[in-house]
Amino acid sequence: MAQIEWDQVSKWFGPVAAVRDIRLTARDREFLVLLGPSGCGKTTTLRMAAGLEAPTAGRVLLGARDVTHVEPRDRDLAMVFQNYALYPHMTVYDNLAFGLKLRKTPPANIRRAVQDTAVRLGLESLLHRRPSELSGGQRQRVALGRAMVREPQAFLMDEPLSNLDATLRAETRVQLKALHAQLATTVVYVTHDQTEAMTLATRIVVMSGGVIQQVDTPEAIYDHPANQFVATFIGTPGMNMLPVLWTRADGQLAAVIGAQRLPLPPGLPWMRAAASSGHHGATLGVRPEHLRMSGAPDPATPSLKARIRLVEPMGHETLVHLDLDPDLTLVARTPDRWPNGNIPIWVSFDPRRLHVFDSVSQVAYEAV
């Protein structure tokens, strides 16, 4: 079983903690994505699984086997790097065959394995070429093939698409997802690109400051972020955040946002947590696509006055930057087209789409 486990793993570089108490399992045959900004500890976590970094504390397990102090070559894991790491003087065939030759694999078996891998990756016509004669996407497929040909227990991938242009990255992303479904093997994949994470992952591990913030499916992380960091990091643009104060009138809870009051209907799932939190203030979160703009207030849903500050037409959609107050802004995503200019409008909210975060801990009320 190709399961990789980080058991209370930490890594310190002198006084700096790169990773703190990681408890995580990459399940057999899943596509686990480690996602976060630069310096969050995701690559260090991957390198400790590969054996390229030794944990300061904790254990790394491969299946039931403790491999914490096992050499990388003896872990039966294949690493795919950002820079391809191909041998420039060798043909594609020889690059694919090199690892098998080192293992003293019989020549007939090498030929069969290389041909099978080349067919899977569409490299049959390129086997005689050298890396300098290949495009970036082709080189990346050769790097993947060199890992695949060994039939390892699991693949470890460190930002393998970051050197490709946008079009090639999208194409290779689709190929990677199809390849994972075909191979049915475990993949641990590091990226800072949330689009890659959302489209490829079985589960996403969101990291910040060397600490895991949330582990869940892409849909669950997008719909139910555990804290403000996850809410703003996932999504483009990120979730809008508005500081609010709670008030009650005639038994109805309302959010005071700047100089405006947003009445809220009863029965929202986080209201009990808000009432019992002991804090008078919180942060209200709403995704850009969950805002509705109109020239008049909608009596059926809570609404706020705003002014259009800037419009970004994207063709298939429009991003509209709004001012509620001089210091309070929102971004709305809408299929409609709006003109630029200081235009007064109304913004309505679907209360069921709102997220509320504790103003001190920044944890979502629904996660409390």
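This text goes with the structure placed above it.
Owing to the predicted nature of the structure, the values given are computational and were not obtained by experimental measurement.

With that settled, consider the overall build of the protein chain. Secondary structure summary: the protein chain contains nine helices and 20 strands in total. Seen along its three principal axes, the alpha-carbon backbone of the protein chain occupies a region of about 80 × 45 × 35 Å. The proportion of buried residues among the 368 residues of the protein chain is 49%. Put simply, 65% of the contacts in the protein chain that link residues at least 6 apart link residues at least 24 apart.

A few words now on the sheet that holds strand S14 (residues 281-286). As summarised here, the arrangement of the five strands in space is S13-S12-S11-S14-S20, forming an open sheet in which the pairing is antiparallel. Edge positions in the open sheet fall to strand S13 (260-263) and strand S20 (355-358), since each of these has one partner strand only. Neighbour-to-neighbour, the strand axes of the sheet open up by a mean angle of 40 degrees, direction not taken into account. In this structure, strand S11 (residues 240-249) lies alongside S14, joined through six bridges in antiparallel fashion. Residue methionine 241 lies in a different strand from S14, and its bridge partner there is glycine 285.

Looking now at the pattern of salt bridges. Here the structure, examined in full by the defined rule, presents eleven salt bridges. Here arginine 59 ties to aspartate 7 by a salt bridge, and the two come within 3.0 Å at their closest N and O atoms. Taken together, the residues arginine 59 in strand S4 (residues 57-62) and aspartate 7 in strand S1 (residues 4-13) connect sequence positions 52 residues apart. The class of arginine 59 is partly exposed, set by a relative accessible area of 37%. With its nearest N and O atoms 2.7 Å apart, the salt bridge here joins glutamate 30 to arginine 203. Within this pair, whereas glutamate 30 is found in the loop between strand S2 (16-26) and strand S3 (31-35), its partner arginine 203 is found in strand S9 (residues 203-208), the two being separated by 173 residues in sequence. One salt-bridge network, in which partners are shared between bridges, spans Lys11, Arg47 and Glu53.

Next up on the list: the side chain of threonine 172. Within the secondary structure layout, threonine 172 lies in helix H5 (residues 166-183). Owing to a relative accessible area of 3%, threonine 172 belongs among the buried residues under this scheme. Within the structure, the side chain of threonine 172 is placed 2.7 Å from the backbone oxygen of leucine 168, a separation counted as a polar contact. Excluding anything up to four places from it in sequence, threonine 172 contacts Gln140, Leu161 and Leu164.

This paragraph deals with the packing of aromatic side chains. Per the counting criterion, the structure on display carries three aromatic pairs. Ring geometry for tyrosine 87 and phenylalanine 98: centres 4.8 Å apart, planes at 55 degrees, overall tilted. Taken together, the positions of tyrosine 87 in the loop between strand S6 (77-80) and helix H2 (92-102) and phenylalanine 98 in helix H2 put the pair eleven residues apart, joining distant regions of the chain. For tyrosine 87, a relative accessible area of 32% translates into the label partly exposed.

It is worth spelling out H2 at this point. Within H2 the residues assigned to the buried category are Val92, Asn95, Leu96, Ala97, Gly99 and Leu100. Of the surrounding elements, those touching the buried residues of H2 are helix H3 (107-121) and helix H4 (136-148). Count one or two residues on from H2 and you reach lysine 104, which has phi positive near 65 degrees.

Okay, the nonpolar core next. Judged by nonpolar contacts, the single largest core of 43 residues is most densely connected at Met157 and Tyr189. Of all the elements, H4 adds the most residues to this core, at five residues. With residues near it in sequence (within four places) discarded, methionine 157 still touches Leu46, Val80, Leu144, Leu176, Val187, Val188, Tyr189 and Val190. With 32 residues, the next largest nonpolar core counts Leu253, Trp270, Leu322 and Leu354 among its residues.

The next point concerns the packing of H3 against H4. Contact geometry for H3 and H4: axes closest at 10 Å, N-to-C directions at 140 degrees. In terms of their interaxial angle, H3 and H4 are classed as oblique. Where H3 crosses over H4, the handedness of that crossing is right-handed. Contacts between H3 and H4 pair Thr117, Arg120 and Leu121 from the former with Arg141, Leu144, Gly145 and Met148 from the latter. Residue classes in the contact of H3 with H4 are distributed as three nonpolar, two polar and two charged.

Reading guide: rules and limits
- Counting of residues starts from 1 at the beginning of each chain's written sequence and follows it residue by residue.
- Where local features are concerned, this predicted model is filtered to residues with pLDDT of at least 70; where side-chain atom pairs are given and counted, the filter is 80 or more; whole-chain, interface and lining totals use all residues.
- To get the side-chain values, all heavy atoms of the structure are used, and hydrogens and water are removed first.
- Numbering of helices and strands runs from the N terminus, with a helix taken as a DSSP run of H or I at least four residues long and a strand as a DSSP run of E at least two residues long.
- Only protein chains enter the calculation, and the probe is 1.4 Å; a residue is then buried if its accessible area is under 20% of its type maximum, exposed if over 50%, and partly exposed in between.
- Two residues form a contact once any of their heavy atoms are found within 4.5 Å.
- Strands are treated as partners if at least two bridges between them are detected by DSSP.
- Angles here are taken between N-to-C directions and fall from 0 to 180 degrees, while the axes themselves are lines fitted to C-alpha atoms, restricted in helices to the stretch in contact.
- Here a salt bridge means any side-chain nitrogen of Lys or Arg lying within 4 Å of a carboxyl oxygen belonging to Asp or Glu.
- Polar contacts, as counted here, are pairs of nitrogen or oxygen atoms within 3.5 Å of one another; within protein the pair requires one atom able to donate a hydrogen and one able to accept it, and residues that are adjacent in sequence qualify only if both atoms are side-chain atoms.
- Side-chain rings of Phe, Tyr and Trp (the six-membered ring for Trp) are treated as a pair once their centres are within 6.5 Å; stacked means planes under 30 degrees apart, edge-to-face means over 60, and tilted covers the remaining angles.
- Definition used in this section: a nonpolar core is a set of buried Ala, Val, Leu, Ile, Met, Phe, Trp, Tyr and Cys residues joined via side-chain atoms within 4.5 Å.
- Our angle categories are set so that under 35 degrees counts as roughly parallel, over 145 as roughly antiparallel, 65 to 115 as roughly perpendicular, and the remainder as oblique.
- Handedness of a crossing is defined here by the sense of rotation of the near helix relative to the far one, left-handed for an anticlockwise turn of less than a right angle and right-handed for a clockwise turn.
- For this scheme, ten residues count as nonpolar: Ala, Val, Leu, Ile, Met, Phe, Trp, Tyr, Cys and Pro. Four count as charged, namely Asp, Glu, Lys and Arg, and the remainder, Gly too, count as polar.

Fair warning: the whole summary comes from geometry, so function is off the table for now.
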